[in-house]
Amino acid sequence: MKLPAVSDVDRELVVNETFGPTFQGEGPSTGRYAHFVRLFGCHLSCIWCDSPQTHDATRCDLADEQRVLSIEDILSWLAAGPADLLVVTGGEPLLQPHVVGRLLGAIRERALATDIEIETSGTIAPTDMITSAVTRFNVSPKLSHSGLRRHQRIRPAVLRDLADSGKAVWKFVVQALDDLDEIQELVDTYGLHPVWVMPEGTDSSTVLARMRMLADPVLARRWNLSTRLHTLLWENDRGR
Ligand code: SF4
């Protein structure tokens, strides 16, 4: 069967960095041996963003932070040391839906990763190809402390789409206990389950202090608590 013609746009990814092996630092797979592809670009601008190099020209020299890699480049990198878990993160990976779908399909075909996770803000719906290839979406809807307006950060149709995929977990970045009420409203409105609460912070003392603050209130709501393992281990080092 002849495949449809593919443009360069469908063969090339705009990437910030690839790294690994390391550990998945957040969410349900915390501690797993993992490789990361961090894609360039984000349409949002969270005040506390921990990866500004993917999109924020006021904090980073973006010309130095982006490179174009082909699908074959990424496949060769993975083939050199096959991944147990591949995490596709950003930025916002779903800004490059067609090439990401093709990449994930090729990784599945060649069995280059046991599991694939996509980390997304939950504001762009995934394509069917992406949904069928991933093991899980780690969806992180932003709360008001992100500095974004509600219509920018909460897209009801996208949240429902991701929830209907049966592959989404909902990971909320939290700074203060009041944030838990905001999460509860979203959970009740959109039927989000399961919930993971993760402290905001890019140094180990902030992460640990916020985890201790959150532990009992999160248990009381029957939710899950995530650490930021990479921050506890390596502080704010890039590529870990
Ligand atoms: S959605 Fe993620 S990458 Fe984009 S600005 Fe917010 S935290 Fe940063």
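Only a predicted model underlies this, so the values are computations on that prediction, with no experimental measurement involved. (Residues numbered from 1 in each chain as written. Predicted model: local features only at pLDDT ≥ 70, side-chain atom pairs only at ≥ 80, totals over all residues. Heavy atoms only, no water.)

Q: Tell me about the UniProt feature "binding site: S-adenosyl-L-methionine" (unreviewed entry) in the chain, residues and numbers included.
A: Mapped onto the present numbering, the UniProt feature "binding site: S-adenosyl-L-methionine" (unreviewed entry) falls on Trp48, Cys49, Asp50, Gly91, Ser140, Pro141 and Lys142. Lining residues of the largest pocket drawn from the annotated set just named are Trp48, Cys49, Asp50, Gly91, Ser140 and Lys142. Mapped onto the elements, Asp50 comes out in the loop between strand 2 (33-39) and helix 1 (62-65). Look past the residues within four positions of Asp50 in its chain and what remains in contact with it is Thr202 and Arg228. Relative to the helices and strands, Pro141 is located in the loop between strand 6 (136-139) and helix 5 (150-153). Overall, the relative accessible area of 2% leaves Pro141 in the buried class. Excluding residues within four positions of it along the chain, Pro141 makes contact with Ser121, Ile154, Leu159, Trp170, Lys171 and Phe172. (UniProt positions renumbered as here; feature names shortened; annotations may be inferred. 1 Å grid on protein atoms, 1.4 Å probe; cavity = no way out; pocket = protein on both sides within 12 Å on 5 of 7 lines; lining within 4 Å. Helix = DSSP H or I, 4+ residues; strand = E, 2+ residues; numbered from the N terminus. Contact = heavy atoms within 4.5 Å. Buried < 20%, exposed > 50% of the residue type's maximum accessible area, 1.4 Å probe, protein only.)

Q: Describe the UniProt feature "domain: Radical SAM core" (unreviewed entry) in the chain, listing the residues and the values that go with them.
A: Cross-referencing UniProt, the feature "domain: Radical SAM core" (unreviewed entry) maps to residues 29-236 in the present numbering. Helix makes up 39% of residues 29-236 and strand makes up 21%, while its end C-alpha atoms are separated by 20 Å.

Q: Mind laying out the packing of helix 2 (residues 71-80) against helix 3 (residues 97-109), listing which residues take part and the relevant values?
A: The contact between helix 2 and helix 3 brings their axes to 10 Å, and the two run at 35°. Two packed elements cross with a definite hand, and for helix 2 against helix 3 that hand is right-handed. Contacts between helix 2 and helix 3 pair Ile71, Ile74, Leu75 and Leu78 from the former with Val99, Arg102, Leu103, Ala106 and Ile107 from the latter. Along the lines of polarity and charge, the residues of the contact of helix 2 with helix 3 split into eight nonpolar, no polar and one charged. (Axes fitted to C-alpha atoms, helices over the stretch in contact; angles between N-to-C directions. Left-handed = near helix turned anticlockwise from the far one by under 90°. Nonpolar A, V, L, I, M, F, W, Y, C, P; charged D, E, K, R; others polar.)

Q: Run through the sheet that holds strand 9 (residues 224-225), naming residues and quoting values.
A: Ordered by their spatial adjacency, nine strands build an open sheet running 3-1-2-4-5-6-7-8-9, and the pairing between neighbours is mixed. Of all strands in the sheet, those with a lone pairing partner are strand 3 (67-70) and strand 9, marking the two edges. Examined bridge by bridge, strand 5 (residues 113-120) and strand 6 share four bridges and lie parallel to one another. What sits directly across from Glu117, in strand 6, is Arg136. Packed onto the sheet, helix 3 meets strand 1 (12-23), strand 2, strand 4 (83-89) and strand 5 and runs at close to 160° relative to strand 5. Set on the sheet, helix 6 (residues 156-165) makes contact with strand 6 and strand 7 (168-174); between it and strand 7 the angle comes to about 130°. (Pairing = 2+ DSSP bridges.)

Q: Hey, could you go over helix 2 for me, with residue numbers and the actual values?
A: Taken residue by residue, helix 2 has Ile71, Ile74, Leu75 and Leu78 as its buried positions. The arc that holds the buried residues of helix 2, viewed along the axis, is 100°, so those residues lie on one side. Looking at the packing, one finds that the buried side of helix 2 touches strand 1, strand 2, strand 3, strand 4 and helix 3. (Arc of directions from axis to C-beta.)

Q: Go over the site of the ligand, please, and point to the residues and values.
A: Neighbouring the ligand are the residues Cys42, Leu44, Ser45, Cys46, Trp48, Cys49, Ser51, His55, Gly91 and Lys142. Judged by the fraction of its atoms near the pocket grid, the ligand is located in the largest pocket. (Near = heavy atom within 4 Å. Sits in = over half its atoms within 2 Å of the grid points.)

Q: Go over the nonpolar core, please, and point to the residues and values.
A: In terms of nonpolar packing, the biggest core is built from 48 residues, with Leu13, Leu104, Ile107, Ile118, Ile183 and Val197 touching the most fellow members. If one sorts the elements of this core by residue count, helix 3 sits on top with six residues. Apart from residues lying up to four places away in sequence, Val197 is in contact with Phe172, Val174, Leu180, Ile183, Leu214, Val218, Trp223, Asn224, Leu225 and Ser226. Core analysis: the next-biggest nonpolar cluster, separate from the first, contains seven residues, Trp48, Cys49, Leu148 and Met198 among them. (Core = buried A, V, L, I, M, F, W, Y, C linked by side-chain atoms within 4.5 Å.)

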